[in-house]
Amino acid sequence: MIAHDQRLRSRRPLAGAERDGDGYLLRWQGCGVMGVVNVTPDSFSDGGRHLAPAAAVAAARAQWAAGATWIDVGGASTRPGATPVAADVEAERVVPVVRALRAEEPGARISVDTSDPGVARAAVVAGAGLVNDVRGLRDPALRVACAELGVPAVVSHLRGEPATMHHAPAFDDVVAEVVAELRAARSLALDDGVPDVVLDPGLGFGKTTAHNRALLRATAELAGLGGPLLVGASRKRSLGEVAGEPVPERRDAASLAAHLYVAARGAALVRVHDVAAHVQALRIWRWLGG
Ligand code: PMM
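Overview of the structure. (Residues numbered from 1 in each chain as written. Predicted model: local features only at pLDDT ≥ 70, side-chain atom pairs only at ≥ 80, totals over all residues. Heavy atoms only, no water.)

1. With respect to the overall build of the chain
At step 1: Helix and strand content of the chain: ten helices and eleven strands.
At step 2: For the chain, whose C-alpha radius of gyration is 17 Å, the value lies close to the compact-globule estimate of 19 Å for 290 residues.
At step 3: Along the first, second and third principal axes, the C-alpha atoms of the chain reach 40 × 40 × 35 Å.
At step 4: Counting all 290 residues of the chain, 56% fall into the buried class.
At step 5: Considering only contacts within the chain whose residues lie at least 6 apart along the sequence, 65% involve residues at least 24 apart.
At step 6: Just so you have it, the chain exposes about 11,800 Å², and 54% of that area is on carbon and sulfur atoms.
At step 7: Seen as two clouds, the 32 positive and the 32 negative side-chain charges of the chain have centres 4 Å apart. (Helix = DSSP H or I, 4+ residues; strand = E, 2+ residues; numbered from the N terminus. Rg over C-alpha atoms; globule rule 2.2 N^0.38 Å. Buried < 20%, exposed > 50% of the residue type's maximum accessible area, 1.4 Å probe, protein only. Contact = heavy atoms within 4.5 Å. Areas by Shrake-Rupley, 256 points an atom, 1.4 Å probe, with all protein chains shown as cover. Lys, Arg positive; Asp, Glu negative; His and termini not counted. Charge placed at Lys NZ, Arg CZ, Asp CG, Glu CD.)

Below you can see the structure in the form of structure tokens.
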């Protein structure tokens with residue numbers, strides 16, 4: 001197996017990153033874990049559990065203590081049928097959690113899961129160091145925000161909108177099309193001055209189980225596009241379908257299996273709900289030379 005040397009560039013100081021030219025470089029080996037903290041009433045995977053700020057901060061601190069590389073805080077569910085959330089409500093959910101986490105856990109690396117430029121700006125000022133956008137930074141104002149703030153971004157693949165993405169997922173060649181669209185989105189972001197881009201195939205975002213399988217099997221190709229690769233299979237419907245588990249919160253073993261598979265093929269980060277189990281499993285995998 002390959003010892004993957006991962007790098008992420010920022011122009012804003014970032015915990016654990018070394019100074020490098022006019023910015024900062026975060027380096028890590030192999031596959032790190034991004035913990036999910038959804039400060040929402042209605043996410044499919046953990047909706048309602050972390051809506052109270054104190055519960056969200058406690059969950060985030062536990063994930064950090066368990067060995068997460070990033071904590072991803074989100075305030076708007078992208079589940080099909082979820083009630084759309086106004087930007088001020090999203091900010092009210094996310095910003096106090098980011099601020100409290102920064103204060104209580106100064107070494108934590110925090111990501112904000114948002115497509116809204118105002119929420120991204122407020123979260124970065126409060127202490128986030130990465131913007132995670134499931135809409136792939138298609139909003140020029142979000143690219144400008146990341147560029148001005150000097151923070152890298154996750155560009156995740158999605159066609160259309162989360163509310164309607166499941167209506168008719170259609171690709172002739174899902175891997176080729178996702179690769180081309182991610183490449184284009186990455187170039188656009190870098191050209192607009194975003195310091196660095198993490199790519200994500202957007203599993204479950206307007207994709208069937210067969211599409212998700214093809215993309216997981218194409219991990220090595222996706223990891224070779226330039227910049228770190230993030231994969232988020234955690235608790236997703238396709239895994240439930242294949243594993244025969246209808247309850248999202250009981251899909252952590254299935255999630256772990258998918259994530260070890262992508263870790264072995266060059267993924268730099270996996271976005272997960274059960275951080276402790278993933279950190280343990282990845283440590284053993286690396287110990288064995290994975
Ligand atoms: N999935 C969800 C939300 N945000 N962000 C990225 N980058 N990649 C994903 O796959 C992703 C995401 C939906 O899952 P959740 O409701 O459990 O957070």
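2. Some details on the site of the ligand
At step 1: Taken together, 17 residues lie around the ligand, and Ser45, Asn132, Asp200, Lys236 and His273 are the ones closest in.
At step 2: About the coverage of the ligand: the protein hides 96% of its 410 Å² of free accessible area.
At step 3: Per-class residue counts for the shell around the ligand are six nonpolar, seven polar and four charged. (Near = heavy atom within 4 Å. Nonpolar A, V, L, I, M, F, W, Y, C, P; charged D, E, K, R; others polar.)

3. Brief notes about helix H6 (residues 209-217)
Residue pairs spaced three or four apart in an α-helix point in one direction, given the helix's 3.6 residues per turn.
At step 1: All buried positions along H6 are accounted for by His211, Asn212, Leu215 and Leu216. Here the buried residues of H6 occupy an arc of 135° about the axis, which is enough to place them on one side. In this structure, H6 carries Ala210, Arg213 and Arg217 as exposed residues pointing more than 90 degrees from its buried face. (Arc of directions from axis to C-beta.)

4. Description of the pattern of salt bridges
At step 1: Enumeration over the complete set of coordinates arrives at 17 salt bridges.
At step 2: Among the ionic pairs, arginine 61 bridges to glutamate 105, the shortest N-O distance being 2.8 Å. Of this pair, arginine 61 sits in helix H1 (residues 53-65) while glutamate 105 sits in the loop between helix H2 (87-104) and strand S6 (110-113), and the two are 44 residues apart along the sequence.
At step 3: Here the residues in one salt-bridge network are Asp5, Arg7 and Arg27, joined through shared partners. (Salt bridge = Lys/Arg side-chain N within 4 Å of Asp/Glu carboxyl O.)

5. Description of unusual backbone geometry
At step 1: Of note in the backbone geometry, leucine 137 takes a positive phi value of approximately 55° without being a glycine.
At step 2: Tracing the backbone through its elements, the reader meets leucine 137 in the loop between strand S7 (130-133) and helix H4 (140-149).
At step 3: Its identity as a non-glycine residue notwithstanding, arginine 235 has a phi of 60°, on the positive side.
At step 4: Tracing the backbone through its elements, the reader meets arginine 235 in the loop between strand S10 (230-231) and helix H8 (237-243).

6. Some thoughts on the side chain of arginine 143
At step 1: Residue position: arginine 143 is located in helix H4.
At step 2: Of note is the side chain of arginine 143, whose polar atom sits 2.7 Å from the side chain of aspartate 192.
At step 3: Those residues in contact with arginine 143 that lie beyond four places of it in its chain are Leu137, Arg138, Leu188, Ala189, Asp192 and Val194. (Polar contact = N/O pair within 3.5 Å; in protein donor to acceptor, adjacent residues only side chain to side chain.)

7. Some words on the side chain of glutamate 90
At step 1: You can see glutamate 90 is positioned in helix H2.
At step 2: One buried charged residue, glutamate 90, forms no salt bridge at all, with the nearest opposite charge on arginine 135 at 7.4 Å.
At step 3: In this view, glutamate 90 contacts Gly75, Ala76, Val85, Asp113, Thr114, Asp116 and Val119; residues no more than four positions away in its chain are not counted.

8. As for the packing of aromatic side chains
At step 1: A full pass over the atoms with the stated rule returns zero aromatic pairs.
At step 2: It is arginine 265 that lies over the ring of tyrosine 261; its NZ or CZ is 3.7 Å from the centre. (Phe/Tyr/Trp six-rings, centres within 6.5 Å; stacked < 30°, edge-to-face > 60°. Lys NZ or Arg CZ within 6 Å of the ring centre and 35° of its normal.)

9. Points about the packing of H1 against H2
At step 1: Two numbers describe how H1 lies on H2: the axes approach to 9 Å, and their chain directions differ by 45°. Comparing the axis directions of H1 and H2 gives the class oblique. Note that H1 runs across H2; the crossing there is right-handed. Two secondary-structure elements touch here, H1 through Pro53, Ala56, Val57, Ala60 and Arg61 and H2 through Val97, Ala100, Leu101 and Glu104.
At step 2: For the contact of H1 with H2, the class distribution of residues is seven nonpolar, no polar and two charged. (Axes fitted to C-alpha atoms, helices over the stretch in contact; angles between N-to-C directions. Parallel < 35°, antiparallel > 145°, perpendicular 65-115°, else oblique. Left-handed = near helix turned anticlockwise from the far one by under 90°.)

10. Quick look at the environment of glycine 35
At step 1: One can find glycine 35 in strand S4 (residues 32-38).
At step 2: Taking relative accessible area as the criterion, glycine 35 reaches 0% and is therefore assigned buried.
At step 3: Each C-alpha atom of the pair glycine 35 and glutamate 92 lies 20 Å from the other, and the pair is 57 residues apart in sequence.
At step 4: When neighbours within four sequence positions are excluded, glycine 35 is seen to be in contact with Gln63, Ala68, Trp70, Ile71, Asp72, Val272 and Val275.

11. Focus: the packing of H2 against helix H3 (residues 117-126)
At step 1: At a minimum axis separation of 8 Å, H2 and H3 run at an interaxial angle of 15°. Overall, the two elements H2 and H3 adopt an arrangement that is roughly parallel. The way H2 lies across H3 gives a crossing that is right-handed. From H2, Ala87, Glu90, Ala91, Val94, Val95, Val98, Arg99 and Arg102 reach across to H3, where they touch Val119, Ala122, Ala123 and Ala126.
At step 2: The residue makeup of the contact of H2 with H3, split by class, is nine nonpolar, no polar and three charged.

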